[in-house]
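Now for the letters of each chain:
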Amino acid sequence: MRTRILRAILLAVAVTGFALGIPLGYTALRLVDDGARTDLAARAQRIAASIDDQIASGRAIDLKPVEVGVPEGGHLVVTSADGVREFGKTPGPDPLSVEVPIAQQGTVRLEVSSAPMHTAQYQVAALVVLLVVLSVSTGTVVATVTARKLAMPLRHVASRAARLGAGDFRHDDRRHGVPELDLVADALDKSAGALAQLVQRERELVGDVSHQLRSRLTALQLRLEALSLHPEPDMAVEARAALEQAERLAEVLNEMLAAARAARAVGAEPLDLGAELSAIAEEWRDPLRSVGRALRVRVPEGLLARATPARLREAIGVLLDNALRHGEGQVVVSARRDDGTIVVEVADGGAGVPDELAHHIFERGVSGGGSTGVGLALARALVDADGGRLELSTARPATFALFLPVPKAEDVVGVTWRTDLTPR
């Protein structure tokens, strides 16, 4: 995109430069030519007037009084009834010549070399070319700066759209001062909010449906087990057959839910938590530092977890934003392995979560600080989509724990280890 913008602006500058330079050069050359001829014609007119005065007074034509009007290196030829009189030498080939009539059908021809005029024309042409080159060079610099300024917002908007497609629904306040791009950014933020609500509603619906179906199937199985012990043989046989169908239905339900979770977690991959959490912390270190707070990352080297990068970044971002808005003191992001799972904790030194909110903190619309109450619910849904879970492990001080699955052995093959980021 930057190259296209640069080419378009350079093409416009070049076309404008040549469109103005060619007429300007032609006009300048004509002005030099006309100036030389006008000056020579004025001199010839003065000489012709002086000779006319001599003829009118009956005197013989004398060129001495008019020699002063002949340019240096010029050639004066006066033709009259008395003959031809000359002053000076012939200026050579292709002279600049002007002829003026005098009394008694005579003429005055004044000639000078055209070399000085051509030299002046070359100088003017060189000046015009220099101006065009300077204009194009200035346009090139302006085009480069403009292309860079336009390309950077476009890259940011494209990156924002890519993150949105990958499941990163965080609000982005960055604007670029370009009305069209800012409209796109506003639309992306609105889409992110709508998608976040859609994802949350989907998770809630799936959870409610699965819970209700499991509860009803469990109750049905208990009733059928009781009926299978009925003393009447036919009824007991039918009850056992219905119980088998109920068990198959429960298995199908479990398989469908597992398939849905696997489809949602299709982008999950083994992640080096040391690198991922350090990269996420870099985005939040400056906002916390601006309010006088520190952010620390404590992750053992080589610790891997299975998660979708965008979802993990979104979930941790929600927790860090929650700590920034409602917490106090230093924020610590740590990770450890515990009983076959990976635990990532985000804690701060604030007053914590009130008791009346502790059991409802992940419900949509519940907030203790006047916010929308969507963030924590969305974060739990995103973690759940990757096969993990998000819990409030400690209310005072507030400590949130993400339980992430450990990657399988076959998934770890080919993972690129990063050692350039060390735990802080």
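The structure presented is a predicted model; accordingly, all values stated were derived computationally and were not measured.

Attention now moves to a negative patch on the surface. On the surface, Glu225, Glu244, Glu247, Glu251 and Glu255 cluster together into a negatively charged patch. With respect to the element layout, glutamate 247 can be found in helix α4 (residues 233-264).

Attention shifts here to the sheet that holds strand β9 (residues 341-347). With mixed pairing, five strands are arranged side by side in an open sheet as β6-β8-β9-β11-β10. Two strands in the sheet have a free side with no partner beyond their single neighbour: β6 (295-298) and β10 (389-394). Taking each pair of neighbouring strands and ignoring which way they run, the sheet shows an average axis angle of 20°. Alignment of β9 against strand β11 (residues 399-405), held across seven bridges, turns out to be antiparallel. When the sheet's bridge partners are listed, alanine 347 is paired in β11 with threonine 399.

Here the focus is unusual backbone geometry. Trans is the common state for peptide bonds, and a negative phi is the common state for residues other than glycine. Going from arginine 396 to proline 397, the amide bond is cis rather than trans, its omega being -15°. Relative to the assigned elements, proline 397 resides in the loop between β10 and β11. One non-glycine residue, aspartate 94, lies in the positive phi region at around 50°. Along the polypeptide, aspartate 94 turns up in the loop between β2 (83-87) and β3 (96-102). A residue is classified by how much of its surface remains accessible, and aspartate 94, at 55% relative accessible area, is exposed.

Here the focus is the nonpolar core. Ranked by internal contacts, the top residues of the largest apolar core, which has 39 residues, are Leu273, Leu277, Ile316, Leu320, Val344 and Leu402. It is helix α6 (residues 309-326) that contributes the most residues to this core, seven residues altogether. Discounting chain neighbours no more than four positions away, the residues touching leucine 277 are Val297, Val299, Ile316, Val333, Ala335 and Val344. By size, the runner-up hydrophobic cluster in this structure holds 21 residues, among which are Ile51, Leu96, Val100 and Met117.

Packed helix pairs are specified by the crossing angle of their axes together with the interaxial distance, meaning the distance between the axes. Interaxial distance between helix α5 (residues 273-290) and α6 falls to 10 Å at its minimum, and their mutual angle equals 35°. Remark: the crossing between α5 and α6 carries right-handed chirality. Contacts between α5 and α6 involve Leu273, Leu277, Ile280, Glu283, Trp284, Pro287 and Leu288 from the first element and Leu312, Arg313, Ile316, Gly317, Leu320, Asp321 and Leu324 from the second. For the contact of α5 with α6, the residue count by class is ten nonpolar, one polar and three charged.

Below, the discussion takes up a nonpolar patch on the surface. A cluster of nonpolar side chains, namely Leu24, Leu127, Leu130, Leu131 and Leu134, defines an oily patch on the protein surface of about 460 Å² accessible area. Sort the elements by how many residues they give to the nonpolar patch and helix α2 (residues 115-165) lands first, with four residues. Looking at the element boundaries, leucine 127 is found in helix α2. Judged by relative accessible area, which is 48%, leucine 127 ranks as partly exposed.

Two elements in contact, α6 and helix α8 (residues 375-385), have axes whose closest approach is 9 Å; the angle formed by their N-to-C orientations is 150°. Between α6 and α8, the angle falls in the class roughly antiparallel. Note on packing geometry: the crossing formed by α6 with α8 is left-handed. The residues of α8 that touch α6, namely those facing Arg311, Glu314, Ala315, Val318, Leu319 and Asn322, are Gly375, Leu376, Leu378, Ala379, Leu382, Val383 and Ala385. A class-by-class count of the residues in the contact of α6 with α8 yields nine nonpolar, two polar and two charged.

The rules we used
- Throughout this document, residue positions are counted from 1 along each chain, in the order its sequence is written.
- The predicted origin of the model limits local features to residues at a pLDDT of at least 70 and limits the giving and counting of side-chain atom pairs to 80 or more, whereas totals for whole chains, interfaces and linings rest on all residues.
- Side-chain calculation: all heavy atoms of the structure are included, whereas hydrogens and water are not.
- Like charges within 9 Å and nonpolar side chains (Val, Leu, Ile, Met, Phe, Trp, Tyr) within 5 Å are joined into patches, using only residues over 30% in relative accessible area that form no salt bridge.
- Only the protein chains shown count as cover for residues, with accessible areas throughout obtained via the Shrake-Rupley method and a probe of 1.4 Å.
- Take a side-chain nitrogen of Lys or Arg and a carboxyl oxygen of Asp or Glu: if they are within 4 Å of each other, that pair is a salt bridge.
- All tallies of charge rest on Lys and Arg as positive and Asp and Glu as negative; His and the ends of each chain are not included.
- Each charge is placed at NZ for Lys, CZ for Arg, CG for Asp and CD for Glu.
- Secondary structure elements follow DSSP: runs of H or I of four or more residues count as helices, runs of E of two or more count as strands, with numbering from the N terminus.
- For two strands to pair, DSSP has to find at least two bridges joining them.
- Under this scheme, a helix contributes an axis fitted over its contacting stretch, all axes are lines through C-alpha atoms, and angles between N-to-C directions fall in the 0 to 180 degree range.
- Residue exposure (1.4 Å probe, protein chains only): buried if accessible area is under 20% of the type maximum, exposed if over 50%, otherwise partly exposed.
- Joining through side-chain atoms within 4.5 Å is the link that ties buried Ala, Val, Leu, Ile, Met, Phe, Trp, Tyr and Cys residues into a set, and such a set is a nonpolar core.
- Contacts are residue-level and defined by heavy atoms, with any inter-residue pair within 4.5 Å sufficient.
- Crossings are sorted by hand: turned counterclockwise from the far helix by less than a right angle, the near helix makes the crossing left-handed, and turned clockwise it makes it right-handed.
- The residue classification treats Ala, Val, Leu, Ile, Met, Phe, Trp, Tyr, Cys and Pro as nonpolar and Asp, Glu, Lys and Arg as charged. All others, Gly included, are polar.
- For classification, angles of less than 35 degrees are called roughly parallel, those exceeding 145 degrees roughly antiparallel, those between 65 and 115 degrees roughly perpendicular, and all remaining angles oblique.

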